[in-house]
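Summary of the model geometry
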Amino acid sequence: MSVNKKILEVKGLNIRFGSAAAAPTVEDLSFDLRAGETLCLVGESGSGKSISALSLLGLLPESAHATADQFMFDGVEIDPKDTKSLKALRGEGVAMIFQDPMSSLNPAFTIGYQMIEAIRLAPNISKQEARQKAIHYLELVRIADAAKRMDGYPHQLSGGMRQRVMIAMALSRNPKVLIADEPTTALDVTIQAQILALIDDIKTELGTAVLFITHDLGVVAETADRVAVMYAGRMVEAGQVAEVFDNPQHAYTVGLMRASPRTAARQRRLNDIPGSVPELRDRPLGCTFAPRCAFMTPACQELGAEKTVQVGTHLSRCIRRDELGTLLGETHV
Amino acid sequence: MFFYTKQSLCAAIVGMALVAPAAQAETTIRYMGLSKLDMLDPIWTTNYGVRDHGYLIYDTLFAQDAEGNIKPQMIDTWTVSEDRMAYRFSLRDGLMFHDGAPVTSQDVVASLERWMHKDTFGVEIKNRLSSMDVVDDKIFTLSLTEPFGLVVDAFGKTASNVPFIMPARIASGAVDDQISDPVGSGPFKFILDDWQPGVKAVYEKFEAYVPRDEAPSGLAGGKVAMVDRIERVFFPDDITAVNALATGEIDYIPQFQPDLIPILSGASDVVVQPHNPLGQTIQIIPNFLQPPTDDVRIRQAMQLALGQEDYMTAILGSYDELYSYCPSIFMCGTALENDANSERQMSQDVEAAKALLAEAGYDGTPLTLLHATDVSDQRTGGSVTAQRLREAGFVVDDVVSDWATIAQRRANKAPIAEGGWNIFQTGWDGMALQSPLTNVYVSGACDDAWYGWNCSETLQRLKQDYINATSVDEQKTIGEAMQQEAYEIVSVIMMGQYTQASAWSANLEGMRQATVTTNLWGVSKAE
Amino acid sequence: MSEALLETKELSKTFNIGKGKSLKAVSDVSLTLNKGETLAIVGESGCGKSTLARLLLRLEQATSGGIEFDGNDISEISGAVEKQWRRNVQMVFQDPYTSLNPRMIAHDAIREPLDNYAEGTKQERNQKAHDLLHRVGLNVDFGQRYPHELSGGQCQRLGIARALALNPKVLVADEPVSALDVSIQAQVLNLMMDLQADLGISIVFVSHDLSVVRHISDRVIVMYLGRIVEEGPADIVLDTPSHPYTKALLDSVPIDHPSKRRSKTLLSGEVASPLNPPSGCAFRTRCPVATDQCAQTIPKLRSVGPKVSAACILLESK
Amino acid sequence: MFKYISSRLLASVPIVLFVAIFVFLLSHLAPGDPAALIAGENATPEQIAQIRDRLHLDEPLVTQFGYWFSDILRFDLGNSIFSNRPVTELIAARLEPTLVLTSLTIVLTIFLAVPAGVIAAWKVNSTSDRSIMILSVLGFSVPAFLIGYANMYVFALKLGWFPVQGYANLSDGVLGTLRSVALPAFTITLVFWALVARITRAAMIEILQEGYTRTARAKGLSEGKVLFVHALKNAGVPISTVIGVGIAILISGVVVTESVFNIPGIGRLVVDAITQRDFPVVQGTMIFFSVVLIVVNLLVDLSYVLFDPRIRY
Amino acid sequence: MNTSQTVPRQHVQRSRMVDFRRFLSEFTDGRVEKSAVLILIAALLISVIAPMVYHSYSDINPLDRMKPPSADHFFGTDHLGRDVFERTMVGTRNSLIIGFSVAIATTIIGCILGLVSGFISFGDKIIMRLMDGFMAIPNVLLAIALVALMGSSLLTIIIAISVPEIPRMARIVRSVVVSLKEMPFIDAAVTMGTPQWKILLRHLLPNTVGALSVQATATCASAIMTEAILSFLGAGTPPNIPSWGGIIAESRVFFQIAPWAIGFPGLMLSLLVLSVNILGDRLREVLDPRVARRRS
């Protein structure tokens, strides 16, 4: 997989709201994305994962500004403040699907209109060609009766079907990167399984790079090739999915895993993480997770504790990463 | 940029002018109607707007000239017997209705009958009428049960209701109803299809009209229609009309608030002049039936408290050439003008008023003032009245409402608590007040009198004397006696005589002063 | 043997949705909630689990069938009797924000049920409200805050505190953690388990999340299109499901470790419209093992093993 | 659809009935005697009494209502007691100016207000948003007749672009008509556009936060297309709703400007009729207005179909 | 807020003053809002003080007609020689009385009707049909007709302007109540045995405050404007009760000759209505629960 070329390479992405001097909402985010692989960005609400994804498309709200040390798309350097260049990426470069399929399609236009409109953004495509293409992609996402559905409106479709249409629309211009922002959160579990399988198939069939944003470690376990864990605006851990699950290197990742009832023993107290994600203005010095961390030491709250350490493909922002294994053993009863 | 816009707009306007139906050779006078014309029958209503409409389309038997003399109009010759009980009239030649039918005696008799049924002056004749007979198509006679010397004055009266002559088929068919077919024999005909009630009325020259040979004078003389079309447009706001005159959208405004004169004073192509020589007055009328105004001393105190200057300046501002302080109950500039017993009437003396109030033992019973706010003169005048009476020590209950409400309430003879009243303000024009027969303030008819129900046996007797009077001097003496009594009992408080400004475009030629706004015959329009 | 606290007998609820159409949200549901146990109701959206919860709380009047509480029929009660009964069954809602009056501070929200039943003096009620806040792990000065000044987890604790104020015997929780983040979800689940252990109340836990259900519940009811398709002890039903729908549901749940990735048998299609349910077994349109027979009769819920019942004709024939 | 329309119209019958009875009582219970006004200010009580008699004004209210109502049932609104013309004819004669004036106002408003609202929403909380919003409140804050006089002064008197007053019939040329109603329409627009601009803004702010707007942007659509195609179509429902509601407000503007600019429309007809107690005209026009408002509301509801495919009747 | 920590386990009532102050500071951030508040306060002060100071506002002085502003007459005089400044100052009170009374009257009556039909569902159909009927009559025309019926006084003007506004308010309250009724917190109140009247008063009513106050400010502003229109159409306040609308309407024909007579009261009217509208907008923003959520 590592032979695949890097489509997207981001280093030191910062996103601030309000003035350029404001505390960054997303701080020092670095990741890369290769063709045909799925990178899962995982974190709870307020971790900055969705904002980061939106910044890749220049879709940040007006009050937000993004800066980066490096922002390469398909070998071309782009300034993340330059929304014009980012806009140019939309569609053919990066396509995105969103959490709520019920609101992501415009209720006032037919499926066909919305798809053809997207396809015809590419130069020199006739309406007829575009229509054929739209039907083709609807069939690709396994929508029965695609031609008939073209003239239907979103409200005539179920949530799962709408998410399929969204995916078809996103794929219709052959994007190099597909960003999926919690695409299954609003769906029933049986439908979620269908959509996850579909995205996985597409990745394999079309070689699209997928940036998958989720809060659900189960979804990560199902889909990711690599995973990046975010907490309060920072990426706290990243690595191959197996190494992160087998050998978590950040106390937050560990907390997240053990808070899930999926992994805990039945009817036992869950290992919850006390407190809640700090507000932007209350973010502590050093490690942002320190105040909620069971393994916090005074050093964690000093400047420098948030530094990234990378071993091989595995990256962590925890100064006690090496001790975590033993510490965890101790707390297991 | 601005230039271009304006030019292109001008081009558009020119373009439009070209598109418009072939430049009309016709001449049209557009003028502001003084009131909405939403009725057509000048006998059905005393409304002056309808009367003025009547003068355009109907002709009259007699008419008043500029000097106030009654001259024959439709009548060719006429005779009256020694005893003033038998009249004989013959119509002049060439009279024709707009529908093409000749005007006959039958039409005249039918019209007069209907008019006598309605008009206050007409009723005076009707009460004495023995018979009215058609002799032939041109000649009709009138025989009375007692001597009455004012028949011609009545036929030539200018105040509403004017005895306009209409076809017998219309006049006899609708004695008590409003006519719906405005066919007359006047110099202009009414275009019923273009009538928008309350908005616009259109008249066209009646080609078949045969005018008298005399030059036009007042409402008498030859009525020569010199324009093809007249459009009467109603304006809810004077200011809009004045601005429309300034831009040439209309040609003539018979009356407007003189305060607006400065707007027109800059325009060289507009003539501003007083129009109606006699003008009109404002009157305050006390109710003789209800306390405290049932007490003559209270009424006299009111007479002292109110002054003409207040009203005139409040309504007309600094344009003092438009108004005069007139002592006469018959108005000034009329045959019966006099200043008998006008001392209290003409002096404004708050102290004297207070003294009189004290003498009358005024106990502070509130004076119910009916105050209309939707009629400009009354809105203003009511405020003056309330303020001055209060200054003199009256307690005033200033009851504000619209004119429609007051028009009803003023007929109420009941006590205040049951919807009665003490004083209200109104206005009559000079033509109605100049004759003791139509001047309601010298009738003294008590319960049968006009609102206010002024009551005086002396006045009733004097009215009979006036009818019987044989010379002008005798009439004048009686008039003085009437005024003496009326001012003594205070049947009315006269608040000044005025004429409003009128204005017309300088390209109207032949505009004459007259008592009606529509004497537009003899007026031509230079294009 | 455990003692039944709340029982329903063939409870049904049909909504009239105008134009002569009706929607059968709950059909012939008979269930028993025992003292001190947690009964989970599981299913996908539109399966009628929320309506069932509302029926249990009498927020909705059943179209047919009966509800018994502590052996007394409560389906027809009203007025003062109803008011007295209400204190026995309380609710925790899905959305922690909308379930709290945005114009009422936390303390007042908790005190309201106490005020309604005039429990003790005002002073005592204030005291109890404080205790409850403390009990659900909220700092007392949170009592003076409005809901929008609290986080989602704090609001949900507040909701639980309010529900506990009247010392209810049953707590009906409708998706109480689905709107919360994982770490907060764990906090709330822990709180509920603690409360049950301490107070011995029974919980009806409505959820679509099988892992949460597996974790917290004693018994499970699986619903599909308004009907119970399987019920039984949580460990048995969720580990060795009998009904094909339960199986499919469990198969769809994401795995907990990437090493467990496998190919799954995915259910085709989506839940049929409750406006126009399929004949016979409602699940047959998606069922991988459906036969022609499935369209003929509506399968009855029958015992298919120790304590486990399921509604599937294929299991009957076994 | 047809079934829906007919059921709606059927449902509005009691409303019109209510309006009819209410307005009848309102006008007949009001003090003021039309006969006194017909007869004229200087008429004698006898003359007035004659007219009262002819107009049946002295008969009991119930009897008068009976006359009128039996007429109504025959779709006859009666005759004006002043001009003796059928009320329907009076309304018909006054319909054109008012219709042209309101239509032009609505068109002007839409062209002015919708883009303003869209831009305000797009740049929400920016200077341009604030200015548009304050400008729009300004329209609410100056009496329509003052705006009218100011417009008359500037555009008719000083610049001479438009006539001061009056109405030119459509039959005499459309351009002339447009010129004659341009100023009054602009006057009402200044008052009315605020309403539409604000609703457009509010609706657009919400829509711009919707998922599908983000989708449209993520697809790579131009901002113009996102705003004026994707977002605006969804704002169609609230915008047409507010225009429907606004018609009632518009009517007050029409009444005022018709007076200022001397436009012979229905607004003036009603006001005049009320002030002179022309009962049949008051009643007839009020019923007319209520029917118009009901029909407008129905049309607005039907127009939803154009904007929102989820709505079916 | 810290007091609750030093006095633990004791009920300390949240200080409403603090809430109010916070509300006020949020409400008045921004120069425009601050000026609007100042204008409103100034108008209130004037309306209290002016009638005590000025008594000759109705005094006619025909010799002093239409004089431009001067030291004697700050705003000049009108066509009756009345002092426009005094009339405008005293008119402030009448205009405010009209605005506020209409707002309060429509809010109370509209609220009762809306709550009755929306929550109790008592006579819902009938009430809403009646409201439809009233709304089918253009409001200014209905107001003129009502003034014709009742005569013109401050009270009748207030009634005439209120009646056509009530249906709007009732519908707003009803729609808010109907949607609130579906909120889980109402279900919650039911499950914890809260009696109906208490649900109405403690749960529904406080949550309609936002919509109500926004509508009330809009009504207040539009009432002041409607009164001006009524005056224009000859159905406004009587001349001895000057209101801004009345003053402007009375002098309107002289707008080219004595612009001060309409200019100054017009400016006051526009400033106040503008302020009320701006504050209404602000209120909408501050009270909007969605905005509040975003802020917190």
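Keep in mind that what you see is a predicted model, and the values were worked out from it rather than measured.

**Considering the overall build of chain A**
- The helix and strand inventory of chain A stands at 12 helices and 13 strands.
- Taken along the three principal axes of its C-alpha coordinates, chain A extends 65 × 45 × 40 Å.
- Buried residues in chain A amount to 60% of all 333 residues.
- Restricting to contacts in chain A with at least 6 residues of sequence separation, those with at least 24 account for 66%.
- When the accessible area of chain A is evaluated, it comes to approximately 13100 Å², of which 51% is carbon and sulfur surface.
- Averaging the coordinates of the 36 positive side-chain charges in chain A and doing the same for the 39 negative ones gives two points 3 Å apart.

**As for the domain arrangement of chain B**
Residues and elements named next belong to chain B.
- Taken as a whole, chain B is organised into domain 1 (41–191 + 205–230), domain 2 (235–275 + 501–520) and domain 3 (280–498).
- Using only C-alpha atoms to locate each centre, domain 1 and domain 2 end up separated by 30 Å.
- If you look at the interface, domain 1 gives 9 residues, while domain 2 gives 7 residues.
- Roughly 770 Å² of surface becomes buried between domain 1 and domain 2 when both sides are summed, with 60% attributable to carbon and sulfur atoms.
- Put simply, domain 1 and domain 2 have 0 salt bridges between them.
- Here domain 1 is connected to domain 2 by 2 residue pairs in polar contact (both at pLDDT 80 or more).

**Some details on the pattern of salt bridges**
- All chains considered together, the criterion is met by 85 salt bridges over all chains.
- Its salt-bridge partner being B:Glu124, residue B:Lys463 comes within 3.1 Å of it at the nearest N-O pair. With B:Lys463 in helix 16 (residues 457–468) and B:Glu124 in helix 4 (residues 120–128), this pair connects stretches of sequence that are 339 residues apart. Side by side, B:Lys463 and B:Glu124 carry an identical accessibility label, which is buried.
- Between E:Arg252 and B:Asp237 there is a salt bridge, with its nearest N and O atoms 3.0 Å apart. With one member in each of two chains, E:Arg252 in the loop between helix 10 (244–251) and helix 11 (259–287) and B:Asp237 in the loop between strand 12 (229–234) and helix 7 (238–246) form a pair that bridges those chains.

**Focus on the packing of helix 4 (residues 84–120) of chain E against helix 11 of chain E**
All names here are of chain E.
- At a minimum axis distance of 10 Å, the contact between helix 4 and helix 11 shows a crossing angle of 30°. In this view, helix 4 runs roughly parallel relative to helix 11, as classed from their interaxial angle. Viewed along their axes, helix 4 and helix 11 form a crossing whose handedness is right-handed. For the pair formed by helix 4 and helix 11, the contact residues are Val84, Thr88, Met89, Thr92 and Leu96 on the first element and Trp260, Ala261, Pro265, Met268 and Leu272 on the second.
- For the contact of helix 4 with helix 11, the residue count by class is 8 nonpolar, 2 polar and no charged.

**A look at the state of the cysteines**
All names here are of chain B.
- Evaluation of the coordinates by the stated rule reveals 2 disulfides over all chains.
- A sulfur-sulfur separation of 2.1 Å characterises the disulfide bridge that pairs Cys326 with Cys332. Taking the sign of the S-S torsion, 95° for the link of Cys326 and Cys332, the bridge is right-handed. Both residues of the pair, Cys326 and Cys332, belong to the buried class.
- Put simply, Cys446 and Cys455 are joined by a disulfide, and their sulfur atoms are 1.9 Å apart. A torsion of 70° about the S-S bond marks the disulfide between Cys446 and Cys455 as right-handed.
- Here the disulfide map of chain B reads 1-2, 3-4, the bonded cysteines being numbered as they appear in the sequence.

**Quick notes on the sheet that holds strand 5 (residues 72–73) of chain C**
Residue and element names in this part refer to chain C.
- Pairing is antiparallel across the open sheet formed by 4 strands, whose spatial order is 2-1-4-5. With one partner strand each, in any of the chains shown, strand 2 (22–34) and strand 5 form the two edges of the open sheet.
- Looking at chain direction, strand 1 (residues 4–16) and strand 2 are connected through 9 bridges and run antiparallel. Within the sheet, the bridge partner assigned to Leu11 lies in strand 2 and is Val29.
- Across the sheet, helix 1 (residues 49–56) touches strand 1, strand 2 and strand 4 (64–69), and the angle it forms with strand 1 is around 120°.

**Observations regarding the domain arrangement of chain A**
Residue and element names in this part refer to chain A.
- Splitting chain A by domain gives domain 1 (6–224) and domain 2 (229–330).
- In this structure, domain 1 and domain 2 have C-alpha centres spaced 28 Å apart.
- Contacts between the two partners involve 24 residues from domain 1 and, on the opposite side, 18 residues from domain 2.
- Summed over both sides, the interface of domain 1 with domain 2 buries roughly 1700 Å², with 57% coming from carbon and sulfur.
- When the buried surface of domain 1 facing domain 2 is broken down by residue, Glu27, Glu44 and Leu217 rank first, second and third, together holding 31% of it.
- Where domain 1 touches domain 2, the interface holds 2 salt bridges.

**As for the interface of chain B and chain D**
- At the junction of the two partners, chain B supplies 53 residues and chain D supplies 46 residues.
- Carbon and sulfur atoms supply 54% of the area that chain B and chain D bury against each other, a total of about 4400 Å² over both sides.
- Our count for the contact surface shared by chain B and chain D stands at 3 salt bridges.
- There are 21 residue pairs in polar contact (both at pLDDT 80 or more) connecting chain B and chain D.
- Of all the secondary-structure elements, those providing two or more residues to the side of chain B that touches chain D are helix 1 (2–19), helix 3 (105–118), strand 12, helix 7, helix 14 (403–409) and strand 19 (423–429) of chain B.

**Observations concerning the environment of C:Tyr224**
All names here are of chain C.
- Tracing the backbone shows Tyr224 in strand 9 (residues 219–224).
- Along the sequence, Tyr224 and Ala282 sit 58 residues apart, while their C-alpha atoms lie 7.5 Å from each other.
- Among all residues touching Tyr224, those that are not within four sequence positions of it are Glu44, Cys47, Val229, Tyr245, Val271, Ala272, Ala282, Phe283 and Arg286.

**Digging into the UniProt feature "domain: Solute-binding protein family" (unreviewed entry) in chain B**
- The UniProt record annotates "domain: Solute-binding protein family" (unreviewed entry) at residues 70–431 of chain B.
- Across residues 70–431 of chain B, helical content stands at 29% and strand content at 23%; the span's end C-alpha atoms are separated by 12 Å.

**A look at helix 11 (residues 251–259) of chain A**
- Burial analysis of helix 11 of chain A places 9 of its 9 residues in the buried class, the great majority of the element.
- Along helix 11 of chain A, the positions that sit buried rather than exposed are A:Ala251, A:Tyr252, A:Thr253, A:Val254, A:Gly255, A:Leu256, A:Met257, A:Arg258 and A:Ala259.

**Some words on the packing of aromatic side chains**
- Scanning the model with the defined rule gives 48 aromatic pairs over all chains in all.
- Between D:Phe24 and D:Phe65, the aromatic rings sit 4.8 Å apart at their centres with planes inclined by 75°, giving edge-to-face as the arrangement. Separated by 41 residues along the polypeptide, D:Phe24 in helix 1 (residues 2–29) and D:Phe65 in helix 4 (residues 61–73) bring together distant segments of the chain.
- Of the aromatic side chains, those joined through ring pairs into one cluster are B:Phe62, B:Trp78, B:Tyr87, B:Phe89, B:Trp115, B:Phe140 and B:Phe155.
- For C:Lys83, the ring lying beneath its charged end belongs to C:Tyr117, and the centroid distance is 5.2 Å.

**Some words on the nonpolar core**
- In this structure, B:Phe256, D:Phe145, D:Met286, E:Leu141 and E:Ile144 are the most contacted members of the largest nonpolar core, which totals 166 residues.
- If we skip the residues at most four places from it in the chain, E:Ile144 touches D:Val271, D:Ile274, E:Leu230, E:Leu233 and E:Ala235.
- Listed in part, the 149 residues of the second largest apolar core include A:Ile7, A:Val219, A:Tyr231 and C:Val188.

**Quick notes on unusual backbone geometry**
- Between B:Ser160 and B:Asn161 the backbone carries a cis peptide bond, its omega angle lying at -10°.
- Notably, D:His56 is not glycine yet its phi reads approximately 60°, a positive angle.
- With respect to the helices and strands, D:His56 occurs in the loop between helix 3 (45–54) and helix 4.
- Under the relative-accessibility criterion, D:His56 is labelled partly exposed at 37%.
- Even without being a glycine, E:Met66 presents a positive backbone phi close to 45°.
- Among the structural elements, E:Met66 can be located in the loop between helix 3 (31–53) and helix 4.

**Considerations on the environment of E:Ala103**
- Relative to the helices and strands, E:Ala103 resides in helix 4.
- In this structure, E:Ala103 is in contact with E:Ala216, E:Thr219 and E:Cys220, ignoring residues within four places of it in sequence.

Definitions and cut-offs
- Residues numbered from 1 in each chain as written.
- Chains lettered and ligands numbered in written order.
- Predicted model: local features only at pLDDT ≥ 70, side-chain atom pairs only at ≥ 80, totals over all residues.
- Heavy atoms only, no water.
- Helix = DSSP H or I, 4+ residues; strand = E, 2+ residues; numbered from the N terminus.
- Buried < 20%, exposed > 50% of the residue type's maximum accessible area, 1.4 Å probe, protein only.
- Contact = heavy atoms within 4.5 Å.
- Areas by Shrake-Rupley, 256 points an atom, 1.4 Å probe, with all protein chains shown as cover.
- Lys, Arg positive; Asp, Glu negative; His and termini not counted.
- Charge placed at Lys NZ, Arg CZ, Asp CG, Glu CD.
- Domains from an automatic or database assignment.
- Buried area = accessible area lost by both parts, 1.4 Å probe.
- Salt bridge = Lys/Arg side-chain N within 4 Å of Asp/Glu carboxyl O.
- Polar contact = N/O pair within 3.5 Å; in protein donor to acceptor, adjacent residues only side chain to side chain.
- Axes fitted to C-alpha atoms, helices over the stretch in contact; angles between N-to-C directions.
- Parallel < 35°, antiparallel > 145°, perpendicular 65-115°, else oblique.
- Left-handed = near helix turned anticlockwise from the far one by under 90°.
- Nonpolar A, V, L, I, M, F, W, Y, C, P; charged D, E, K, R; others polar.
- Disulfide = S-S within 2.5 Å.
- Pairing = 2+ DSSP bridges.
- UniProt positions renumbered as here; feature names shortened; annotations may be inferred.
- Phe/Tyr/Trp six-rings, centres within 6.5 Å; stacked < 30°, edge-to-face > 60°.
- Lys NZ or Arg CZ within 6 Å of the ring centre and 35° of its normal.
- Core = buried A, V, L, I, M, F, W, Y, C linked by side-chain atoms within 4.5 Å.

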